[in-house]
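This is what each chain is made of:
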Amino acid sequence: MFIYNLILYIISPFLILKLIIEMLKRKGGLLYLFQRLGYGIKKTDKQVIWLHAASVGETKIALNIYKSLSGKFPEDKFIITTNTPSAKSIISEKNNLYHQYLPVDWLYSISKFIKKTKPKICILIETELWPNLVSSCKKRQIPVLIANARLSKKTINSPEFIRDIYKKTLNKIDLILCKSKIEKDNYIKLGSLDENIKIMGNLKYVEFNESKISCDSFIKRKYVLALSTHPDEERQIITEWLKINDKKLLLVLLPRHPERLGDILSDIPLDMINIAIRSKDEPIKKSTQIYIADTYGEAMNFIEHCEFVFVGGSLIDHGGQNFMEPASYGKTIIVGPYMYNFIDEAEEFLKKNAMIMVKSSSTLKHVFERLIKSKQRRELFGTNAKRIMATKINIMDDYSREIQALIRD
């Protein structure tokens, strides 16, 4: 811990500069900067259940945990802390729920935060391992739990002295609820104790198992969706798509980061393709081959009405993006070979004929053509995907029981 805090002290000027840049870039305002520095922390006179979620994906999990626990602890307040303004934007504050930005893991800032908020439990979502945060909770006998626990490749492959810090931190955590056996093994490898870990399943299933409201499609043509694509994937997918001899079908690209539109357009031969762009309100004509949906918040509509889905982050060494939403709609899912972010989930879907994995983009044309020609094949994979999703419906109840038991101990 001495080495860790010394490093934090040395790099403090760079951290502060980074926070200022983030404040300006992400429009978090002065509140973002002050709270990340440990100022402007709200006090509460009620008991607090504290959930910490780094960004948007983790915050969605935190909100589902809040929904599950709020009825069980009606007299308590809930705090969700995040690291980013984008995560804050999806939190609707209520009488018993409010948001704060998590201070940087300086010992003084974290201690000040905990002293003011006085949480009776700290629930970390997924990968948030902050040594001073965990140590400060331990010192005050506040139980710490990791929900939907997983470890990144970067954490697992850290230098030895960093892994030693993680090991000491993990041994101060009361309970680690892992999303899979692979993650449990990773935590043990990093130094966690076996008796502190339980395998519970992936909480991301919960978000997509909720009832859905059907909406009319934006697009009046049949289309195939490439969802959450990353740099270079658009080029690979379009190259194979243009080889398909079916001019009636449209390819819709929904990039993971819509602000990449300029890079996407510079990476494809615009003189050879008829493209329409959603952010520019360009109409889809009969001659349109590619539609780029470079907007936020519309993925659900595009997923609901597509013929089948390719899920990005998987043709490149990124580890794959979440495929559970298209699965919940009963869509056939295609992925590339890089799915290590969802190893257990992908393995289950593949074993149960609920997903197709291609070894490289060169086989996409063949897979696309087979699915276009066979509605029966599309329905088979889609039905199997939806069936798997239905088996995950009780995951939140299992997590909730474990969290309640730790709070009441």
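For the structure, check the block above.
This text gives an overview of the structure that appears in the document. (Residues numbered from 1 in each chain as written. Predicted model: local features only at pLDDT ≥ 70, side-chain atom pairs only at ≥ 80, totals over all residues. Heavy atoms only, no water.)

Secondary structure assignment for the protein yields 19 helices and 14 strands. The C-alpha atoms of the protein give a radius of gyration of 23 Å, which matches the 22 Å a tight globule of 409 residues would have. Projected onto its principal axes, the C-alpha positions of the protein cover 65 × 45 × 45 Å. For the protein, restricting intrachain contacts to residue pairs at least 6 apart in sequence, the fraction spanning at least 24 positions comes to 67%. (Helix = DSSP H or I, 4+ residues; strand = E, 2+ residues; numbered from the N terminus. Rg over C-alpha atoms; globule rule 2.2 N^0.38 Å. Contact = heavy atoms within 4.5 Å.)

The residue Ser217 is located in the loop between α11 (204-208) and β8 (223-229) in this model. Those residues in contact with Ser217 that sit more than four places away from it in its chain are Tyr223, Asn301 and His305.

Across the five residues of strand β3 (residues 97-101), five count as buried, placing the element largely inside the fold. Pairing of strand β2 (residues 77-82) with β3, which is carried by five bridges, proceeds in the parallel orientation. Bridge pairing in β3 places Phe78 opposite Leu97. (Buried < 20%, exposed > 50% of the residue type's maximum accessible area, 1.4 Å probe, protein only. Pairing = 2+ DSSP bridges.)

Moving on, we get to the sheet that holds strand β4 (residues 119-125). Spatial ordering of the open sheet is given by β3-β2-β1-β4-β5-β6-β7, a layout of seven strands whose pairing is parallel. Unpaired on one side and paired on the other, β3 and β7 (197-199) mark the two borders of the sheet. Taken pair by pair, the neighbouring strands of this sheet meet at an average axis angle of 20°, ignoring direction. Pairing between β4 and strand β5 (residues 144-149): four bridges, direction parallel. For Ile123, the partnering residue across the bridge sits in β5 and is Leu145. Relative to the sheet, helix α7 (residues 131-139) contacts β1 (48-52), β4 and β5, its axis offset from that of β4 by approximately 155°. (Axes fitted to C-alpha atoms, helices over the stretch in contact; angles between N-to-C directions.)

This brings us to a nonpolar patch on the surface. Residues Phe2, Ile3, Leu6, Ile7, Tyr9, Ile10, Ile11, Phe14 and Phe161 make up a contiguous nonpolar surface patch of about 980 Å² in total accessible area. For the nonpolar patch, the element with the most residues is helix α1 (residues 2-10), which contributes six residues. Note that Tyr9 resides in helix α1. Judged by its relative accessible area of 63%, Tyr9 falls in the exposed class. (Patch = residues over 30% accessible without salt bridge, like charges linked within 9 Å, V, L, I, M, F, W, Y side chains within 5 Å. Areas by Shrake-Rupley, 256 points an atom, 1.4 Å probe, with all protein chains shown as cover. Salt bridge = Lys/Arg side-chain N within 4 Å of Asp/Glu carboxyl O.)

In this structure, Glu58 sits in helix α4 (residues 56-70). The buried category is assigned to Glu58, whose relative accessible area is 12%. Spatially, the C-alpha atom of Glu58 lies 12 Å from that of Asn322, the residues being 264 residues apart in sequence. Residues within four places of Glu58 in sequence aside, it is in contact with Ala53, Ile125, Glu126 and Arg150. There is a polar contact of 3.2 Å between the side chain of Glu58 and the backbone nitrogen of Ser55. (Polar contact = N/O pair within 3.5 Å; in protein donor to acceptor, adjacent residues only side chain to side chain.)

Strand order in the open sheet made by the seven strands is β10-β11-β9-β8-β12-β13-β14, with parallel pairing throughout. Two strands in the sheet have a free side with no partner beyond their single neighbour: β10 (275-277) and β14 (356-357). Bridge count between strand β13 (residues 333-335) and β14: two bridges; the pairing is parallel. What sits directly across from Val335, in β14, is Met357.

As enumerated under the stated definition, the model contains 21 salt bridges in all. When the shortest N-O distance is used, the salt bridge between Lys60 and Glu207 registers 3.6 Å. Here the residue Lys60 occupies a position in helix α4, and Glu207 occupies one in helix α11, the gap between them amounting to 147 residues. Overall, Lys60 belongs to the partly exposed group, its relative accessible area being 33%. Classification of Glu207 as partly exposed rests on a relative accessible area of 23%. Its salt-bridge partner being Arg235, residue Asp232 comes within 2.8 Å of it at the nearest N-O pair. Accessibility expressed as a relative area gives 33% for Arg235, which makes it partly exposed. Salt bridges sharing partners connect three or more residues here, namely Glu126, Arg150 and Lys204.

Bringing unusual backbone geometry into the picture now. In this structure, Asp281 is a non-glycine residue whose phi angle is positive, near 55°. Relative to the helices and strands, Asp281 resides in the loop between β10 and β11 (290-292). Judged by its relative accessible area of 68%, Asp281 is exposed. Look at Asn353: it is not a glycine, yet its phi comes out positive at around 50°. Among the structural elements, Asn353 can be located in the loop between α16 (343-351) and β14.

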